[in-house]
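Results of the structural survey
Chain by chain, the residues run as shown.
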Amino acid sequence: MAAMTSDTEHRLVTLKRGLGRNGVVCRLDSENGTVRVDVFWSPPRMQRNLRPFASMQPLSLLQDFASNGFARVNDGALEDLAKAGILVASFTNEAKEAAGLARSIINRHGLGRSDRAGARKSRRAA
């Protein structure tokens, strides 16, 4: 297993703190005209026989992204989080107004400060 970079470690620490505060964290990223939203959550901790009765996903938030033109992506970039009990759903949109729309959806669900940051420009080279 490769060593984590300091940026990756920082993002994981802020993610865990945000999940502790809000239960759901939204990260908005914009790169080369594509807006990506990652929605993180931890499933409820309860006895196994009660799990079918509890919602495991923030369904209304996920449905809002899907119904507003965001495409669900399963790129596996964050699959190691499952070992830590963190689940993720990712969405992308290439429309010009996608960043504003994503912020609006996130704010409507009360998660505007869930990650203590707004949209970030990626540091990767173009």
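The structure displayed is predicted, hence computed values, not measured ones.

Reading guide: rules and limits
- For every chain, the first residue of the written sequence is number 1, and numbering continues from 1 along that sequence.
- At least 70 in pLDDT is required for a residue's local features to be given in this predicted model, at least 80 for side-chain atom pairs to be given and counted, and no such filter applies to totals for whole chains, interfaces and linings, which use all residues.
- For the side-chain quantities, the full set of heavy atoms in the structure was used; hydrogens and water were omitted.
- Put simply, DSSP marks the helices as runs of H or I at least four residues long and the strands as runs of E at least two long, and each gets a number from the N terminus on.
- Burial classes follow relative accessibility: with a 1.4 Å probe on protein chains only, a residue under 20% of its type's maximum area counts as buried, one over 50% as exposed, and anything between as partly exposed.
- It only takes one pair of heavy atoms within 4.5 Å for two residues to be counted as in contact.
- Exposure was quantified through the Shrake-Rupley algorithm and a 1.4 Å probe, taking into account, for residues, occlusion by the shown protein chains and nothing else.
- Should a side-chain nitrogen of Lys or Arg be within 4 Å of a carboxyl oxygen of Asp or Glu, the pair is scored as a salt bridge.
- Patch membership requires over 30% relative accessible area and the absence of a salt bridge. Like charges are linked within 9 Å, and nonpolar side chains (Val, Leu, Ile, Met, Phe, Trp, Tyr) within 5 Å.
- Just so you know, the count uses Lys and Arg for positive and Asp and Glu for negative, and it drops His and the chain ends.
- The location of each charge is read from NZ of Lys, CZ of Arg, CG of Asp or CD of Glu.
- Fitted lines through C-alpha atoms serve as axes, helices being fitted only where they are in contact, and the angles separating the N-to-C directions of these axes extend from 0 to 180 degrees.
- Orientation is classified from the angle alone, with under 35 degrees giving roughly parallel, over 145 giving roughly antiparallel, 65 to 115 giving roughly perpendicular, and any other angle giving oblique.
- Rotating anticlockwise by less than a right angle from the far helix to the near helix defines a left-handed crossing, while the corresponding clockwise rotation defines a right-handed one.
- Basically, the charged four are Asp, Glu, Lys and Arg, the nonpolar ten are Ala, Val, Leu, Ile, Met, Phe, Trp, Tyr, Cys and Pro, and anything else, Gly included, counts as polar.
- The predictor attaches a confidence to each residue, called pLDDT, with possible values from 0 through 100.
- Counted as a polar contact is a pair of N or O atoms within 3.5 Å, where, for protein atoms, one must be capable of donating a hydrogen and the other of accepting one, and residues adjacent in sequence contribute only when both atoms are in side chains.
- In this description, strands pair whenever DSSP reports at least two bridges between them.

Now for the overall build of the chain. A tally of helices and strands in the chain yields three helices and five strands. Ordered by position in the sequence, the α and β elements of the chain form the string α-β-β-α-β-β-α-β. For the chain, the proportion of its 126 residues judged to be buried stands at 29%. For the chain, the proportion of contacts with a sequence separation of at least 24, taken over those separated by at least 6, is 66%. Carbon together with sulfur atoms contributes 51% to the accessible area of the chain, which is approximately 8300 Å² in total.

Across all of its chains, the model carries two salt bridges by this definition. Residue Asp 64 is joined to Arg 108 by a salt bridge in which the shortest nitrogen-to-oxygen separation is 3.7 Å. With Asp 64 in helix 2 (residues 59–67) and Arg 108 in helix 3 (residues 98–108), the pair connects residues that are 44 residues apart, well separated along the chain.

Side chains of Arg 17, Arg 21, Arg 113 and Arg 116 sit close together on the surface and give a patch of like positive charge. Here Arg 21 is to be found in helix 1 (residues 6–22).

This next bit is on the packing of helix 2 against helix 3. Taken N-terminus to C-terminus, the directions of helix 2 and helix 3 make an angle of 160°; their axes are 10 Å apart at the nearest point. Relative to helix 3, the element helix 2 lies roughly antiparallel. For the pair helix 2 and helix 3, the sense of crossing is right-handed. Of helix 3, the residues touching helix 2 (which contributes Leu 61, Asp 64 and Phe 65) are Ala 102, Ile 105, Ile 106 and Arg 108. Taken together, the residues of the contact of helix 2 with helix 3 sort by class into five nonpolar, no polar and two charged.

With 75% of its residues at a pLDDT of at least 70, the chain reaches an overall mean of 80. No element of the chain has a lower mean pLDDT than strand 5 (residues 120–121), which averages 46, and none a higher one than helix 3, which averages 95.

Within the secondary structure, Arg 36 is located in strand 2 (residues 34–41). We classify Arg 36 as buried; its relative accessible area is 19%. Polar side-chain contacts of Arg 36 include one of 3.1 Å to the side chain of Ser 90. Beyond its immediate sequence surroundings of up to four residues, Arg 36 is in contact with Arg 27, Leu 28, Asp 29, Val 73, Asp 75, Ser 90, Phe 91 and Thr 92.

What follows covers the pairing of strand 4 (residues 87–93). Bridge count between strand 2 and strand 4: seven bridges; the pairing is antiparallel. Paired with Val 35 across the two strands is Asn 93, which belongs to strand 4. Pairing between strand 3 (residues 71–73) and strand 4: three bridges, direction antiparallel. Opposite Arg 72, over in strand 4, you have Phe 91 as the bridge partner.

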